[in-house]
Amino acid sequence: MIMKSGKLLLLLLSFNVFYYAAVNCAPQTCPATKDAKCGDSDDWKAEFFPGISKIKYEGPSSKNPLSFKWHNPEEEILGKKMKDWFRFSVAFWHTFRGTGVDPFGAPTKYWPWEDGTNSLSMAKRRMRANFEFINKLGVDFWCFHDRDIAPDGKTIEESNENLDEVVALAHELQRQSKKRVLWGTAQLFVHPRYMHGAATSSELAVYAYAAAQVKKALEVTHYLGGENYVFWGGREGYQSLLNTDMERELNHLARFFEAAVAHKKKIGFNGTFLIEPKPQEPTKHQYDWDAATAANFLRKYGLIGEFKLNIECNHATLSGHSCHHELETARINGLLGNIDANTGDPQVGWDTNQFLVDIQEATMIMLSVIRNGGIAPGGFNFDVKLRRESTDVEDLFIAHIVGMDTMARGLRNAAKLVEDGSLAELVRKRYQSFDTEIGAQIEAGKADFDFLEKKVKEWGEPKVASAKQELAEMIFQNAM
Ligand code: XLS
Ligand code: NI
């Protein structure tokens, strides 16, 4: 599902419009300042989601759309509770700031609690809605960008004050509900100042601004007990190499990360730093193209022990890989940190951020997670949005439920495959010629070319076995 070039313009447009709309919830009638007079009440006496009670596990035969059919949080699979395999998280930006806008059309979603402003009071009311949502859905975590949860101010001081006020409320709501932050991040791509990038901007003052913004976002993530912190470099890349000093930009990015690591240590934040690879969108070429590119960057700059990766499935397919490939690449490099659980559309080809409902794909994802021994302190963040045409409040629940149930089916199937063992046995057998004395010598780096040439002369033409791909597919199918 490599992006077709004819679609580039459309996706760039859609990305920009999406994020602007996500921030400037239409119609914007209220200035985002602390002393704004409009939208000055965060009161919302009623429930945000009336008529929806806590979502329960009812089993596969249930016809109730507001119930789990496969995700049974307390059930143990391979010695771990389902909820602990997943550590599901709701993404504040899509769920509470997504409006359904696209390059050709206005927002379609006007949630009842929205007053049409981007005020601080509205931000607080929205935060209460977030906590009611995650409580009722029964997930333990949420994720945010700084500017999703609090309005940008005219100065950095004002932005920080806005953020502090909303974060104080979130802190209290977390205390009451025992919910936690899976990860926080800084939004370094919407504001026009970041048009050339943030840490890779050609403008020094923008680099500094980004540093100040990440400093604050790190501090509030730490204050909220966040377990990870994400760097997604949406504008860290280039539109043209003719006007770009790529080497200098990459050096700047590394310096930025080093400074972030230093600040993390300074404030005593123990969460994991995660880089989220994505090849393109909004930039033509993004520096964190895929897991292997990000790993190479970390190695080159001596940052490998300080970061892990947040693999997003739709980003994987944009880079021409499967999600399973990206997860395995991260895993075998010791870098699998978190999953942004979503998927693209096989016919469309850009970052559609859909709920993943393919049970086979979910099974492959869970095979990687099981091989990794779990994913904590990371988790599964639903970096996912409702389709533009899905406009009922209950759709927010239904979408997350089917996303969670799909991953749960993936886990159950993957556990069956692991317990059955025949797939692992097939793989083991493929390489059994290396389970020999000479194989051990090769794997220990003790077999030089002279020695191997001698063996070839002794053995003659090798016998080569079948790869058994169809048998592997049969075993995989049988577990669905
Ligand atoms: C966008 C990214 C973004 C990150 C957080 O494509 O997925 O949402 O997860 O900045
Ligand atoms: Ni993401």
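Residues numbered from 1 in each chain as written. Chains lettered and ligands numbered in written order. Predicted model: local features only at pLDDT ≥ 70, side-chain atom pairs only at ≥ 80, totals over all residues.

**Q** Could you give an account of the overall build of the protein chain, with specific residues and numbers?
**A** A tally of helices and strands in the protein chain yields 17 helices and 14 strands. The C-alpha atoms of the protein chain give a radius of gyration of 24 Å, which matches the 23 Å a tight globule of 480 residues would have. In terms of overall dimensions, the protein chain has a C-alpha envelope of 90 × 60 × 45 Å along the principal axes. In the protein chain, which comprises 480 residues, the share counted as buried stands at 43%. Within the protein chain, residue pairs in contact and separated by at least 24 positions form 79% of the contacts whose partners lie at least 6 positions apart. (Helix = DSSP H or I, 4+ residues; strand = E, 2+ residues; numbered from the N terminus. Rg over C-alpha atoms; globule rule 2.2 N^0.38 Å. Buried ≥ 20, exposed ≤ 12 C-beta atoms within 10 Å, placed from the backbone. Contact = placed C-beta atoms within 7 Å.)

**Q** Tell me about the site of ligand 1, residues and numbers included.
**A** Taken together, His145, Thr185, Val230, Trp232, Glu276, Lys278, Glu312, Asp340, Asp351 and Asp383 make up all the residues around ligand 1. Considered class by class, the residues forming the shell around ligand 1 number two nonpolar, two polar and six charged. (Near = placed C-beta within 6 Å. Nonpolar A, V, L, I, M, F, W, Y, C, P; charged D, E, K, R; others polar.)

**Q** Pulling in residues and values, what's your account of the environment of Cys143?
**A** You can see Cys143 is positioned in strand β6 (residues 141-145). For Cys143, a count of 28 C-beta atoms within 10 Å puts it in the buried group. Between the C-alpha atoms of Cys143 and Val230, which are 87 residues apart in sequence, the distance is 9.7 Å. Discounting residues that sit within four places of it in the chain, Cys143 has contacts with Ser89, Ala91, Phe92, Leu182, Trp183 and Asn381.

**Q** Describe the environment of Asp383, naming the residues involved and giving the relevant values.
**A** Tracing the backbone shows Asp383 in the loop between β14 (380-382) and α13 (393-420). For Asp383, a count of 25 C-beta atoms within 10 Å gives the class buried. C-alpha separation for the pair Asp383 and Asp164, spaced 219 residues apart in sequence, amounts to 24 Å. With residues up to four places along the chain from it excluded, the contact list for Asp383 reads Ala91, His94, Glu312, Asp340, Asn342 and Asn353.

**Q** Account for the pairing of β6, naming residues and giving values.
**A** β6 sits mainly inside the fold: five of its five residues count as buried. Burial along β6 is two-sided: Phe141, Cys143 and His145 and Trp142 and Phe144, pointing in opposite directions, are all buried. Judged from the three bridges that link them, strand β5 (residues 88-91) and β6 form a sheet pairing that is parallel. Looking across to β6, one finds that Ala91 is bridged to Cys143. (Pairing = 2+ DSSP bridges.)

**Q** So what's going on with the domain arrangement of the protein chain? Which residues, and what values?
**A** What the domain assignment lists for the protein chain is domain 1 (5-420) and domain 2 (437-478). Taking only C-alpha atoms into account, the centre of domain 1 sits 43 Å from that of domain 2. (Domains from an automatic or database assignment.)

**Q** Would you mind going over the nonpolar core in detail, with residue names and values included?
**A** One finds Val90, Phe92, Trp142, Leu274, Leu309 and Leu411 to be the most contacted residues of the largest nonpolar core, which totals 101 residues. Per-element accounting of this core gives the leading share, 10 residues, to α13. (Core = buried A, V, L, I, M, F, W, Y, C linked by C-beta atoms within 7 Å.)

**Q** I'd like a description of the packing of helix α12 (residues 359-371) against α13, backed by residues and values.
**A** Their axes nearest at 7 Å, the elements α12 and α13 cross at an angle of 60 degrees. Comparing their axes, α13 and α12 come out oblique. Pair α12 / α13 crosses with right-handed handedness. Residues Ile359, Ala362, Thr363, Ile365, Met366, Leu367 and Ile370 of α12 lie in contact with α13, whose contacting residues are Thr406, Met407, Arg409, Gly410, Leu411, Asn413, Ala414, Leu417 and Val418. Partitioning the contact of α12 with α13 into residue classes produces 11 nonpolar, four polar and one charged. (Axes fitted to C-alpha atoms, helices over the stretch in contact; angles between N-to-C directions. Parallel < 35°, antiparallel > 145°, perpendicular 65-115°, else oblique. Left-handed = near helix turned anticlockwise from the far one by under 90°.)

**Q** Tell me about the confidence of the model for the protein chain, and name the residues and values.
**A** Averaged over the protein chain, the pLDDT score is 93; the fraction of residues at 70 or greater is 92%. The low-confidence segment residues 1-34, where pLDDT is below 50, has 73 contacts with residues more than four positions distant or belonging to other chains. (pLDDT = per-residue confidence, 0-100.)

**Q** Can you break down the pairing of strand β13 (residues 336-340) residue by residue, with the values?
**A** Of all five residues in β13, five are buried, a share of seventy percent or more. Bridge count between strand β12 (residues 307-312) and β13: four bridges; the pairing is parallel. Its bridge partner being in β13, Glu312 is matched across the sheet by Asp340. The pairing of β13 with β14 spans two bridges and is classified as parallel. Looking across to β14, one finds that Asp340 is bridged to Asn381. Handedness of the crossover joining β13 and β14 through α12 is recorded here as right-handed. (Right-handed = clockwise from strand over helix to strand, strands pointing away.)

**Q** Could you give an account of the packing of helix α14 (residues 422-430) against helix α17 (residues 469-478), naming the residues involved and the relevant values?
**A** In the contact formed by α14 and α17, the axes pass within 9 Å of each other and the chain directions differ by 165 degrees. Relative to α17, the element α14 is oriented roughly antiparallel. Note that α14 runs across α17; the crossing there is left-handed. From α14, Ser422, Leu423 and Leu426 reach across to α17, where they touch Leu471, Ala472, Ile475 and Phe476.

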